[in-house]
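Okay, here's what each chain looks like letter by letter:
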Amino acid sequence: MSKRNRGICFLGFIVTVLTALAWSQTEPAKATLASDNIPKERMKEYVGLAVQWQREYLRIDTTNPPGNEARAAEFFKKILDQEGIENQVFNYAPGRADLWARVPHTTASAQRPIILLNHMDVVTSDASHWKVPPFSAEIVDGSIYGRGAQDMKNEGLAQFMVMVMLKREKVELNRDVIFLAVGDEEVDGTGTDWFIEHQRDLLGNAQFLINEGGENLLEDGHVKYIGVSVGEKAAFWLHVVAHGRAGHGSLPIADSAPNRLVLALNRIISYHTPFKVLPVADEFLRAMAPYEPPARAEKFRNIRKALEDKNFQREVEQDESLNYLLHDTIALSMLKGSEQTNVIPPEAWANLDVRLLPGDDPKEFLATIRHVVNDPNVSVEPLESDFRPANASPTNTALFAAIQKVSAQYFPGTPVIPRLDSGYTENQRYRPLGIDSYGFNPYTATDEESSTEHGNDERIRVEEVQRGFRVLYDVVTSVASK
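What this report covers is the structure whose coordinates are included nearby.

Definitions and limits used
Residues numbered from 1 in each chain as written. Predicted model: local features only at pLDDT ≥ 70, side-chain atom pairs only at ≥ 80, totals over all residues. Heavy atoms only, no water. Helix = DSSP H or I, 4+ residues; strand = E, 2+ residues; numbered from the N terminus. Expected span 1.5 Å × (residues − 1). Buried < 20%, exposed > 50% of the residue type's maximum accessible area, 1.4 Å probe, protein only. Arc of directions from axis to C-beta. Contact = heavy atoms within 4.5 Å. Polar contact = N/O pair within 3.5 Å; in protein donor to acceptor, adjacent residues only side chain to side chain. Pairing = 2+ DSSP bridges. Phe/Tyr/Trp six-rings, centres within 6.5 Å; stacked < 30°, edge-to-face > 60°. Lys NZ or Arg CZ within 6 Å of the ring centre and 35° of its normal. Axes fitted to C-alpha atoms, helices over the stretch in contact; angles between N-to-C directions. Parallel < 35°, antiparallel > 145°, perpendicular 65-115°, else oblique. Nonpolar A, V, L, I, M, F, W, Y, C, P; charged D, E, K, R; others polar. Patch = residues over 30% accessible without salt bridge, like charges linked within 9 Å, V, L, I, M, F, W, Y side chains within 5 Å. Areas by Shrake-Rupley, 256 points an atom, 1.4 Å probe, with all protein chains shown as cover. Salt bridge = Lys/Arg side-chain N within 4 Å of Asp/Glu carboxyl O. 1 Å grid on protein atoms, 1.4 Å probe; cavity = no way out; pocket = protein on both sides within 12 Å on 5 of 7 lines; lining within 4 Å. Points joined across faces, edges and corners; volume = space filled by probe spheres on them.

Structural notes on helix H12 (residues 362-373)
Then, in step 1: Between its terminal C-alpha atoms H12 stretches 17 Å, which fits the 16 Å expected from 12 residues at 1.5 Å a residue.
Then, in step 2: Within H12, the full set of buried residues consists of Pro362, Phe365, Leu366, Ile369, Val372 and Val373. Taken around the axis of H12, the buried residues stretch over an arc of 120 degrees, which confines them to a single face. The exposed set on the far side of H12, more than 90 degrees from its buried face, consists of Lys363, Glu364 and His371.
Then, in step 3: Elements in contact with the buried residues of H12: strand S11 (238-243), helix H6 (257-270), strand S13 (329-336), strand S15 (347-356) and strand S16 (378-382).
Then, in step 4: You can read the cap of H12 off the contacts: a side-chain oxygen lies 2.9 Å from the backbone nitrogen of Lys363, and it is on Asp361.
Then, in step 5: At the exit of H12 stands Asn374, carrying a positive phi of roughly 50 degrees.

This is the structure we're talking about:
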């Protein structure tokens, strides 16, 4: 959902050395990360399990609607029981389930837990547009194809592998590590909402949470940056309804509902929301400046000054990677008028996908849009009464430092950059509980691979599955091991 997510990891044995060519990265220094201490034969076994379990997980159809996440919860529970890892399944609605598991701390006194959060549901897919069936998990040209391979059964599997490794390796932990797989993230978020309302104690007053939302861009065999999501924009969907006199299509009505709607939408689309440079956007652009052409790099280093230029403003609005970062956005996504071509309807409506930057007031934004429309026969109302304000987590934490430390070993010289996510993630629901929540992806992906998220031929390279769990294992142990 959020989403353009990517990640990577590195294996310390011969198979990984062969596949590491795709990274053009040097092997991490020995004995500096927890995974370096795992014998090669055991690591080879983990690699095989990761590919096997990833394919088995992708074959479970959890298309939402209806979800049927209970099937995925059963898959996880069977393995957790075999591994002797404490777990519980909560069937909160027919076919819907959350799964919670924990590897407890081993020290006499403990720090607050870390949660590995993922969702088991996936979006719909049209098999007729895929190379292979969406739930086949077939391997084609070195990639595993399957709905959820990018969002987010890949990350869920990496988190699951971490739990199994912590248990098998008998890692001495100074905080509990909690695995939380929830249902219904892609539609209504009922899985997380139910868990917070009914089982909040099982979160253990956690300090940290890792979820989807990270972005690690692979270009020409090199990792361009490690993007850690520290915040997201807030969805503020609007419903625009135009009213007018109904009639026969053969006798046009100048101020009909469809005509009024078109005029109102034209005003809205032509409206330019004010630019606003948040600290996270400023930091992200400064970090990316060295990778841009000189003229563009100069603008990135002083984005506030650059935005004084009207020509650059237009350039930003045409660049999807910049536009969402620097102001509130409005996207026309749905339209509805008559059921018949020869009938002029009394109402016509449209939905707008509005995303607000952290700190922006939805009531003020709504008042502005109504002023822009300026038509008493056109109403603009929020689609939902429950507005979830955007929020963010700090970067001066032990978890963010652990991500920096591990990334420096796997991707020397690659910047670790805090970023604002354009889409929604459930981090927004956990931050108000006092949990520092981050979107971090242990895999990398090219633009082409990332574009398959929610699209056709969603896939992940086998070599990523073979390595990604190790990156995450090193991050978690860096912040949770004795």
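Some remarks on the pairing of strand S1 (residues 86-93)
Regular strands place their side chains on alternate faces of the sheet.
Then, in step 1: By the bridge criterion, 6 bridges tie S1 to strand S2 (residues 96-103) in an arrangement that is antiparallel. Residue Val89 lies in a different strand from S2, and its bridge partner there is Leu99.
Then, in step 2: Hairpin connection of S1 to S2: 2 residues between the antiparallel strands, including Gly95 at a positive phi of 80 degrees.

Digging into the packing of aromatic side chains
Then, in step 1: This structure, assessed with the given rule, holds 15 aromatic pairs.
Then, in step 2: When the centroid spacing of 5.7 Å and the interplanar angle of 5 degrees are considered together, the rings of Tyr57 and Phe75 count as stacked. Pair noted here: Tyr57 is in helix H2 (residues 40-58) and Phe75 is in helix H3 (residues 70-83), with a separation of 18 residues, a long-range link. For the pair shown, Tyr57 and Phe75 are each scored as buried.
Then, in step 3: When the ring of Phe90 is compared with that of Phe195, the centres are 5.8 Å apart and the planes differ by 80 degrees; the resulting orientation is edge-to-face. Of this pair, Phe90 sits in strand S1 while Phe195 is found in helix H5 (residues 190-198), placing the two residues 105 residues apart along the sequence.
Then, in step 4: Linked through ring pairs, Trp53, Tyr57, Phe75, Phe76, Phe160 and Phe179 together constitute an aromatic cluster.
Then, in step 5: One cation-aromatic arrangement involves Lys153 over Tyr57; the distance from NZ or CZ to the ring centre is 4.9 Å.

Some remarks on the packing of H2 against H3
Then, in step 1: At a closest axis distance of 10 Å, the pairing of H2 and H3 adopts a crossing angle of 150 degrees. Relative to H3, the element H2 lies roughly antiparallel. Here Trp53, Glu56 and Tyr57 of H2 come into contact with H3, specifically with Ala72, Phe75, Phe76 and Ile79.
Then, in step 2: Here the residues of the contact of H2 with H3 are counted per class, giving 6 nonpolar, no polar and 1 charged.

Brief notes about a nonpolar patch on the surface
Then, in step 1: Taken together, the side chains of Ile269, Leu332 and Leu335 present a nonpolar region at the surface, about 300 Å² in accessible area.
Then, in step 2: On the secondary structure map, Ile269 appears in helix H6.

Re the pattern of salt bridges
Then, in step 1: Applying the stated criterion across every chain yields a total of 35 salt bridges.
Then, in step 2: The partner of Arg96 in a salt bridge is Asp184, with the nearest N and O atoms 3.3 Å apart. Here Arg96, found in strand S2, pairs with Asp184, found in the loop between strand S6 (175-182) and H5; they are 88 residues apart in sequence, far enough to count as distant.
Then, in step 3: A relative accessible area of 3% places Asp184 in the buried class.
Then, in step 4: Arg461 is the salt-bridge partner of Glu463, the closest N and O atoms lying 2.8 Å from each other. Per residue, the accessibility class of Glu463 equals that of Arg461, and both read buried.

A short note on helix H13 (residues 398-410)
Then, in step 1: Taking 1.5 Å of rise per residue, 13 residues should cover 18 Å, and H13 covers 19 Å from first to last C-alpha, within 8% of that figure.
Then, in step 2: All buried positions along H13 are accounted for by Leu399, Phe400, Ala402, Ile403, Val406, Ser407 and Tyr410. Projected down its long axis, H13 carries its buried residues within an arc of 155 degrees, all on one side.
Then, in step 3: Tucked into the core, H13 has its buried residues touching strand S3 (111-119), strand S7 (208-211), strand S9 (222-232), strand S17 (416-421), strand S18 (436-439) and helix H16 (462-480).

Focus on the layout of surface pockets
Then, in step 1: In this structure, the second largest pocket occupies an estimated 480 Å³ of space.
Then, in step 2: Lining the second largest pocket are 22 residues; nearest its centre among them are Ala235, Trp237, Glu384, Arg388 and Arg429.
Then, in step 3: Residue assignment for the lining of the second largest pocket shows that the elements contributing at least two residues are strand S10 (234-235) and helix H14 (427-430).
Then, in step 4: Split by residue class, the lining of the second largest pocket holds 10 nonpolar, 2 polar and 10 charged.

What about the side chain of Thr477?
Then, in step 1: Among the structural elements, Thr477 can be located in helix H16.
Then, in step 2: Taking relative accessible area as the criterion, Thr477 reaches 2% and is therefore assigned buried.
Then, in step 3: Only 3.2 Å separates the side chain of Thr477 from the backbone oxygen of Asp474, close enough to count as a polar contact.
Then, in step 4: Once residues within four sequence positions are removed from consideration, Thr477 is found in contact with Ala34, Leu166 and Val171.

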